[in-house]
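# Understanding the architecture of this molecule
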Amino acid sequence: MTETRWASGVGIATTAADGSILDTWYPSPVLAPLAGRDVAAERAALEPQTGSDERLGTSTAVVEIEIDLDAAVGSVSDAYLRLHLLSHLLAAPNTINLDGIFGHLPNNAWTNAGPTTPEFAAANLASMKRASIQVYAQDKFPRLTDYVLPEGVRIADGSRARLGAHLAPGTVVMHEGFVNFNAGTVGTSMVEGRISQGVIVGDGSDIGGGASIMGTLSGGGTHRVSVGSRSLLGANSGIGISLGDDCVVEAGLYITAGTKVVLVSEPKTADGSFQTVKASQLSGVNGVLFLRNSVTGAIEARRRQGVGVTLNEALHA
C-alpha cells in the first residue's frame, strides 16, 4: 500500500462578499499532517492580521488545511498550499499533483492592497483610486513576491514570477525573464528568457534574453522539457527538446522535436554525406552545440568538449 504524502498549512484566506475564497497565504507550510503541529499557537499568531476591508469588499480569516499531494486539487486553499510548497522549495516541479488547479483558482483582480473580485473592482474603480488602490493584474495566479520571498534570489520585476515558481538560491531573474508556476531552477541560474510550466533548469545554466522554453499547458505537447547544468540558450533562441549538461543553442535558433539536424561531428554515411536526424533524438544528450550554418542554412549539431558556460559569480553571490 502506498504511503500518503501529506502536506499542511495554517494561513490567512481572503473571502469575497459572496463567501467565495479568493486566495490563501501560508507563512510556514510543511510536508506533514496537521497532527503534531501547534495549530493553536499558529492561529493565535495570525489572528491579529485578519479583518475586513471595505475598500475591496473582502474579509480575511485564519484557515487550516491538510492535503494528500498525490490527490487532485480540491479547493482554492488546497491549490494555494501546493503553490506555496513549490515556492518554499519544499516540493520540486512535477512532483506533486496539480490536476484541477485551473478550475479551482478564481480569476481575481489583483491590487496593491490585496485581491478582490473583478466585478467589485469594476464597480468601485473611482473609490479605489481615491484610496490609492491600483489594480495591477486580472488573473488566476498572483505574483510570487506577494506571498513568498525566496532566500538568496534576485527578481528584478515581481510580476515576472508567478506563485508556484521554484527558484533556488543564487537564481537571478532579470526584468524580461519569466518563470511560470510548477517550473524553475534547481541551482544558480541566470534567467533572462521564459521558463514555461513544467520546465526545470539545472545549476549554472543561462536562459538568454528573449529565449523561450516550451511548456505543456498548450499546444498538445507532453514532453517535460528540462535544461541540464552549465548550458546556455542564446538570446532569442528556443527549445522544445531537453538539453543535457554543457550544451549551447545559438542565438536566434529555435529547435522543436521535429527539427531536422545535421550531425557534423559524426562519421559520414556511405554516400559521403552527414547523417540527418530529428532533434528529438538529441533530447537530453550532453555536450552538444546547436547552430545554423550561415552558408547552407542547415541546422547542425556539433560535439562540445569540456565544461559549458560559466556564470558571473558576482551577479549570483
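Residues numbered from 1 in each chain as written. Predicted model: local features only at pLDDT ≥ 70, side-chain atom pairs only at ≥ 80, totals over all residues. Heavy atoms only, no water.

- Naming follows an unreviewed UniProt entry, where the protein appears as 2,3,4,5-tetrahydropyridine-2,6-dicarboxylate N-succinyltransferase of Microbacterium sorbitolivorans.
- Under the Sequence similarities (unreviewed entry) heading, UniProt states for the protein: "Belongs to the type 2 tetrahydrodipicolinate N-succinyltransferase family."
- Reading the Subunit (unreviewed entry) entry of the UniProt record for the protein gives the comment "Homotrimer." (UniProt positions renumbered as here; feature names shortened; annotations may be inferred.)

### Some thoughts on the sheet that holds strand 7 (residues 135-139)
- One open sheet holds the three strands; their spatial order is 6-5-7, and the pairing between them is antiparallel. The sheet terminates laterally at strand 6 (114-116) and strand 7, the two strands that pair on one side only. Between one strand and the next, the sheet's axes are offset by a mean angle of 25°, whatever the strand orientation. (Pairing = 2+ DSSP bridges. Helix = DSSP H or I, 4+ residues; strand = E, 2+ residues; numbered from the N terminus. Axes fitted to C-alpha atoms, helices over the stretch in contact; angles between N-to-C directions.)

### Things to note about the UniProt feature "active site" (unreviewed entry) in the protein
- Here, UniProt's "active site" (unreviewed entry) annotation points to Glu-192.
- Within the secondary structure, Glu-192 is located in the loop between strand 13 (190-191) and strand 14 (194-195).
- The exposure class assigned to Glu-192 is partly exposed, which follows from its relative accessible area of 31%.
- Setting aside residues no more than four positions away along its own chain, Glu-192 makes contact with Met-174, Glu-176, Gly-177, Asp-206, Ile-207, Gly-208, Gly-209 and Gly-210. (Buried < 20%, exposed > 50% of the residue type's maximum accessible area, 1.4 Å probe, protein only. Contact = heavy atoms within 4.5 Å.)

### Observations concerning the sheet that holds strand 13
- One open sheet accounts for ten strands, arranged 8-10-13-16-19-21-25-26-23-24; its pairing is mixed. The two strands at the open ends of the sheet, each matched to only one other strand, are strand 8 (154-155) and strand 24 (276-278).
- Taken together, the two bridges between strand 13 and strand 16 (residues 206-207) define a ladder with parallel strand orientation. Note on strand 16: the bridge partner recorded for Met-190 is Asp-206.

### Thoughts on the UniProt feature "binding site: Mg(2+)" (unreviewed entry) in the protein
- Feature annotation in UniProt places "binding site: Mg(2+)" (unreviewed entry) on Glu-176, given in this structure's numbering.
- Mapped onto the elements, Glu-176 comes out in the loop between strand 10 (172-173) and strand 11 (178-179).
- The exposure class assigned to Glu-176 is exposed, which follows from its relative accessible area of 59%.
- Beyond its immediate sequence surroundings of up to four residues, Glu-176 is in contact with Arg-160, Glu-192 and Gly-193.

### Here we look at the domain arrangement of the protein
- You can read the domains of the protein as domain 1 (6-106) and domain 2 (144-315).
- Between domain 1 and domain 2, the contact holds 17 residues from the first and 18 residues from the second.
- Where domain 1 packs against domain 2, one counts zero salt bridges.
- Here domain 1 is connected to domain 2 by seven residue pairs in polar contact (both at pLDDT 80 or more). (Domains from an automatic or database assignment. Salt bridge = Lys/Arg side-chain N within 4 Å of Asp/Glu carboxyl O. Polar contact = N/O pair within 3.5 Å; in protein donor to acceptor, adjacent residues only side chain to side chain.)

### A few points about the nonpolar core
- Ranked by internal contacts, the top residues of the largest apolar core, which has 58 residues, are Ile-101, Ile-213 and Phe-290.
- Secondary-structure elements contributing two or more residues to this core are strand 4 (58-68), helix 2 (76-87), strand 23 (260-263), strand 25 (288-292) and strand 26 (299-303).
- Sort the elements by how many residues they give to this core and helix 2 lands first, with seven residues.
- Mapping this core onto the domain boundaries places at least three of its residues in each of domain 1 (6-106) and domain 2 (144-315).
- Ignoring any residue separated from it by four or fewer positions in sequence, one finds Ile-213 in contact with Arg-194, Ile-195, Ser-196, Val-199, Val-201, Ile-207, Val-225, Val-227, Leu-233 and Ile-239.
- Counting six residues, the second largest nonpolar core, distinct from the first, contains Val-10, Ile-12, Leu-46 and Val-62. (Core = buried A, V, L, I, M, F, W, Y, C linked by side-chain atoms within 4.5 Å.)

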